[in-house]
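Letter by letter, the chains look like this.
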Amino acid sequence: MEGTILKTFNFSANFGESQVLKNISIEINRNEVVAVMGPSGCGKTTFIRCINRMHELTQGATVNGDIRVDDNSIYTMNLIVLRRKIGMVFQHPNPFPTMSIYQNVVAGYLLNGIKLKKTERDEVVERSLKRVALWDEVKDDLHKKGTFLSGGQQQRLCIARSISMNPEILLLDEPTSALDPISTAKIEELIFELKKNYTIIIVTHNMQQAGRISDRTAFFYLGELLEFNDTTELFINPKHEKTQNYITGRFG
Amino acid sequence: MVTTIKYREFKNKLFKVIIILLTTVCTLPLLLVLYKIFREGISAINWDFFVNLPKPVGETGGGIVNALIGSVLLILVASVISIPLGVFTGIYLSEYRNTKLSYFTLLSVDVLTGVPSIVIGIIIYLWVVKTMGGFSAISGSIALSVMMLPSIIKSTEETLKLIPNTLKEASLSLGVPYYRTILKVILPAGITGILSGIILSIARVAGETAPLLFTAFGNPFINTNILKPISSLPAIIFNYAISPYEDWHKLAWGASFVLIIIVLFLNIITKIAQRKWKVQF
């Protein structure tokens, strides 16, 4: 299935008085990896948190405009359905501390009270862990607590937890910023694999990372979407002076 | 130069000696109290002591079975009332920190901690005992539950506040509804702190005497009807200790000993629970 999966229309987001996102209009295609880049405080994280409506959890947060997933507005969709459609992985690995590795992977089913047969559950766990290349490392310790894993493994576990629910879009909020280079490399490989099945929107501070893994890159600056283009094109031939300055390291 | 360094080292040592000394001064009376209760109490303890009713003056071999059953029942009912109330209030306070309701709740919780237990007894007497027309176990339990609430609320609130927000977000982002997120992710993650708050609050009210005198009153017989007056360990200690009879004094010591052991036991359980169910983020 080709085509647009996510579309925003003149989308703005505020925290109280201050506007953090200004009139963002963007179209994201199915099965592509979009990197969201920009200096600190430019609204990257807010942008992806708006897509699964996590933004509104903050007190005083408001939005304007519309976001459509598969041509349905996220504001008319059932919140629970929306969040199952759109998985999210956070900056710091956050496996559930009271659950084993196994339970963490199927946490979405357990916590939602979705009944699965034991064999189905085993299958979901194995498939999800294999997909994030964690299966071989943890297959003998499935019933240990998820928090005993290393940071990189925990992060892959969190990705497994998200994809076990079969989302269509995966939001990654600087997933490697708390990890060492080896774990980072593993996650990047993983993103490359995952793109076959999912649409991925990844916030990153790391320009090399954006260059390595993304098809298109969106450059945000002070809450505005300055430029959105093929990653290679944006890096070689930035249209905007601010983009140029950022990617050449003049500020950031 | 050398002398000043020596002088400083001397001051260091002196400081250390002083804090050790003061700690001893503080701990010694506590140990002496425990020693006295153990010595006087242990001689009163035997099997009959746990299974017999108090005997009239002059007869030997009376026990405290009515008070034991009474205390257990009072605390059970008080827990049934105060644990859900306290835990849910604690959840509200940690979830909604800046509302007017949470401000006034926290304020009244803090004030409630400082209200003398006898005042609570009098109020429950006026509101519950008078309206119900007589002393009852349930009114005693209500008085105890009022005393348990502040520490349950506080420990729940403080435990839940320390749980990282990212955990809640992780659950919500999986499409888990808010109430399930709280009940299945946040509460289990804080269970150790909440449980130890509950157990400590039980240990605290186990020895409360004043509010029970006005409410549960006391009963020389075994009673399991919560609408009737009931005996309790602190009440039996109070009644027997102020009596002029040697035999009854002995029972009071024995009951004190039992009470201390119960409190000690509850504290040990708390420590074990804290170690065993420690949640690592």
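Residues numbered from 1 in each chain as written. Chains lettered and ligands numbered in written order. Predicted model: local features only at pLDDT ≥ 70, side-chain atom pairs only at ≥ 80, totals over all residues. Heavy atoms only, no water.

## Looking at the interface of chain B and chain A
Under the convention used in this document: Should any heavy atoms of two residues lie within 4.5 Å, those residues are counted as being in contact. The term buried area denotes the loss of accessible surface (1.4 Å probe radius) that occurs when two parts are joined, taken as the sum for both partners. The salt bridge definition used is simple: a Lys or Arg side-chain nitrogen within 4 Å of an Asp or Glu carboxyl oxygen. For the purposes of these results, a polar contact is taken to be a pair of N or O atoms within 3.5 Å, where, inside protein, one atom must be able to donate a hydrogen and its partner to accept one; residues adjacent in sequence count only when each atom of the pair is a side-chain atom. A helix here means a DSSP run of H or I that spans at least four residues, while a strand means a run of E at least two residues long, and both kinds are numbered starting from the N terminus. Nonpolar residues are Ala, Val, Leu, Ile, Met, Phe, Trp, Tyr, Cys and Pro. Charged residues are Asp, Glu, Lys and Arg, and all others, Gly as well, are polar.
Counting from both sides, the interface comprises 20 residues of chain B and, opposite them, 27 residues of chain A. Between chain B and chain A the total buried area reaches about 1900 Å² when both faces are included, carbon and sulfur atoms providing 65% of it. Among the residues chain B hides against chain A, the three largest losses belong to Glu169, Ser173 and Leu174 of chain B. Together they make up 32% of the total. Taken together, chain B and chain A are joined by 1 salt bridge. Close ionic contact of Glu169 of chain B with Arg49 of chain A constitutes a salt bridge, the shortest N to O distance being 2.8 Å. In this structure, the connection of chain B to chain A is made through 4 residue pairs in polar contact (both at pLDDT 80 or more). Breaking the side of chain B that touches chain A down by element, the ones donating at least two residues are helix 7 (165–173) and helix 8 (178–189) of chain B. At 7 residues, the largest contribution of residues to the side of chain B that touches chain A is made by helix 7 of chain B. Classifying every residue of the side of chain B that touches chain A by side-chain character gives 11 nonpolar, 6 polar and 3 charged.

## Some thoughts on the environment of Ile159 of chain A
All names here are of chain A. As for its position among the elements, Ile159 is in helix 7 (residues 151–163). Placed 46 residues apart in sequence, Ile159 and His205 show a C-alpha to C-alpha distance of 19 Å. Not counting chain neighbours up to four residues away, the residues in contact with Ile159 comprise Val89, Val132, Leu170, Ile187, Leu190 and Leu194.

## Concerning the pattern of salt bridges
All names here are of chain A. The condition is simple: Buried residues are those whose accessible area, probed at 1.4 Å on protein chains only, stays under 20% of the maximum for their type, while exposed residues exceed 50% and partly exposed ones sit between those limits.
Per the counting criterion, the structure on display carries 24 salt bridges over all chains. Across the pair Lys239 and Glu233 runs a salt bridge, and its minimum N-O distance is 4.0 Å. Under the relative-accessibility criterion, Lys239 is labelled exposed at 60%. It is possible to trace a salt-bridge network through shared partners that takes in Arg30, Asp70, Lys85 and Glu168.

## Some words on the packing of aromatic side chains
Note the threshold: For this analysis, a ring pair means two rings from Phe, Tyr or Trp (six-membered ring only for Trp) whose centres lie within 6.5 Å, classed as stacked if their planes differ by under 30 degrees, edge-to-face if by over 60, and tilted for the remaining angles.
What the rule picks out here adds up to 11 aromatic pairs over all chains. Within the aromatic cluster, the residues linked to one another by ring pairs are Tyr125, Phe135, Phe214 and Phe217 of chain B.

## What to know about the domain arrangement of chain B
All names here are of chain B. Our working definition: Start and end points for every domain follow an automatic or database-based domain assignment.
Partitioning chain B into structural domains gives domain 1 (2–42) and domain 2 (50–276). With centres defined by C-alpha atoms, the gap from domain 1 to domain 2 works out at 34 Å. In this complex, domain 1 contributes 7 residues to the contact, which on the side of domain 2 involves 6 residues. In total, about 620 Å² of surface goes out of reach between domain 1 and domain 2, with carbon and sulfur atoms giving 90% of it. When the buried surface of domain 1 facing domain 2 is broken down by residue, Ile37, Phe38 and Glu40 rank first, second and third, together holding 63% of it.

## As for the sheet that holds strand 10 (residues 224–230) of chain A
All names here are of chain A. Here is the rule we go by: Should DSSP find at least two bridges between two strands, the strands are regarded as paired. Between the N-to-C directions of two axes lies an angle of 0 to 180 degrees, each axis being a line fitted to C-alpha atoms and, for a helix, fitted only over the stretch in contact.
Taken together, 6 strands build an open sheet; the order of strands is 6-7-8-3-9-10 and the sheet is mixed. Each edge of the open sheet is held by one strand with a lone partner, namely strand 6 (86–89) and strand 10. The sheet shows a mean angle of 15° between the axes of neighbouring strands, taken without regard to direction. Sheet strands in contact with helix 7 are strand 6 and strand 7 (169–173), and its direction is about 170° off that of strand 6. In the packing of helix 8 (residues 181–194) onto the sheet, the strands contacted are strand 3 (33–37), strand 7 and strand 8 (199–203), and the crossing angle to strand 8 comes to about 150°.

## Notes on the pairing of strand 3 of chain A
Residues in a regular strand project their side chains so that they alternate between the two faces of the sheet. Residues and elements named next belong to chain A. Counting buried residues in strand 3 gives 5 out of 5 residues, a clear majority hidden from the surface. Neither face of strand 3 is open: one carries Val33, Ala35 and Met37, the other Val34 and Val36, and all of them are buried. Relative to strand 8, strand 3 runs parallel, the two being bridged by 4 bridges. Among the inter-strand pairings, Val34 is bridged to a residue of strand 8, identified as Ile201.

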